[in-house]
Amino acid sequence: MSGFHGVDHVGVGVGDIDAALELYGRHVGFDRVLFDWTGELPSVEAFAGRAPRVRVAMLENGGATPIGPGRVKLVQVLDGDGPPPVPEGQAWGEVGVCEICLHVRKVADVHRRLVAAGCASLMEPMSADVPPAGVSLDISYVADPWGTKLELIEWTGLWRSLPGPPRAEGVNHVAFGVTEMARTRAFYERLGFTQLLFESVDFFDPMAPWYRAPWYDPGRLPAQHMTMPMAAQGAAIEPVVLDPPGPDCRGEWGHLGPMDFGIRVANIDAAAAELRADGIEVHGEPQTVDLGGGREWRSVAFAEPDGNYVSLVEGRY
Ligand SMILES: [Fe+2]
């Protein structure tokens, strides 16, 4: 397949998009608002069961680098009872999108800054390395006020950041739970995610406090099988299999927390046709949101093996 350019953005449900624009714009570094649109969004009908009325803001990080090229899409559901809650029982790695990882310069400094700005500290900054190549990284976790886990990584074994002050540098990867790793790897390989950065099968102990009763037995935590396939461009994916499996945490589309992601394509009509020719179910025709001024946001949802909320996106904005 051709014309697939990695993860374009991760969609995050928020309860107050103005407050989220302030937090993500001023403190996380996503200071470029590519569009801020309100309307009924037909492209997610297959996930939401309707064309939900939403406000959507697509944000780019002005300090983005090739190792953190992804964007953040803030979503506030406006119809019905408003944004559905974070799925119950979500720790990390259940089916559903479970984190956004930002590549940052100086993890400890950015961590402190985000906690001061109102995020919760979920994992204090530490250094680690990942098998099988022993790539080193600095890592920490915070949560935004609506429950999105933000992983902060500096991939010190791959790339030390550009000169400059401590800062986030865009989305490095999106983590999501799946049920069969081999099937998921084969599926996303056809979408361009061919390079494996790491693979591990052990439980990452600093996450232990996230796995709570009654959904988990803290004395018998699940094994975590994680991989990180990268595409030549765009952000990476981090599929995770828990054994034994946790609850289904896809939740309702638009729920608070990370909940969907988009794969960037150069030509969405050609890309959708390629998926169909390969036997992948594409949910209808690509839908166009007219952003005015000759700018368009085109997207179409498709069925990935575990029903995670994934779309193709062609952005002309
Ligand atoms: Fe991650």
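Small disclaimer: the values here were computed from a predicted structure and weren't measured.

What counts as what
Residues numbered from 1 in each chain as written. Predicted model: local features only at pLDDT ≥ 70, side-chain atom pairs only at ≥ 80, totals over all residues. Heavy atoms only, no water. Buried < 20%, exposed > 50% of the residue type's maximum accessible area, 1.4 Å probe, protein only. Helix = DSSP H or I, 4+ residues; strand = E, 2+ residues; numbered from the N terminus. Pairing = 2+ DSSP bridges. Salt bridge = Lys/Arg side-chain N within 4 Å of Asp/Glu carboxyl O. Arc of directions from axis to C-beta. Contact = heavy atoms within 4.5 Å.

A separate point is the pairing of strand 1 (residues 4-13). For a regular strand, side-chain orientation follows a simple rule: the groups alternate between the two sheet faces. For strand 1, the buried fraction is high: 9 of the 10 residues fall into the buried class. Note that strand 1 and strand 13 (residues 257-265) share 7 bridges and pair antiparallel. Of the residues in strand 13, the one forming a bridge with H9 is G262. In the sheet, strand 1 pairs with strand 4 (residues 71-77) via 4 bridges, with the strands oriented parallel. Residue pairing across strands places V10 opposite V72, the latter belonging to strand 4.

Attention now moves to the pattern of salt bridges. Close approach of charged atoms lets side chains of opposite charge pair. For the structure on display, the rule yields 19 salt bridges. The shortest N-O distance in the salt bridge between R55 and D36 comes to 2.9 Å. A residue pair is termed long-range when its members are at least 10 positions apart, and R55 in strand 3 (residues 53-60) and D36 in strand 2 (residues 32-40) qualify at 19 residues. Put simply, R298 and D269 hold a salt bridge, and the shortest N to O gap is 3.0 Å. One end of the pair, R298, is in strand 15 (residues 295-303); the other, D269, is in helix 5 (residues 268-277), and 29 residues separate them in sequence. For R298, a relative accessible area of 14% translates into the label buried. One continuous salt-bridge network, built from bridges that share partners, spans D8, R32, E60, R71 and R264.

Attention shifts here to helix 5. Every buried residue of helix 5 is listed here: I268, A271, A272 and L275. The arc that holds every buried residue of helix 5, seen down its axis, measures 100 degrees, which confines them to one face. Structurally, helix 5 contributes buried residues whose contacts are with strand 1, strand 13, strand 15 and strand 16 (309-316). Directly after helix 5, the chain includes G279, whose backbone phi takes a positive value near 85 degrees.

So yeah, pure geometry; function would need other evidence.
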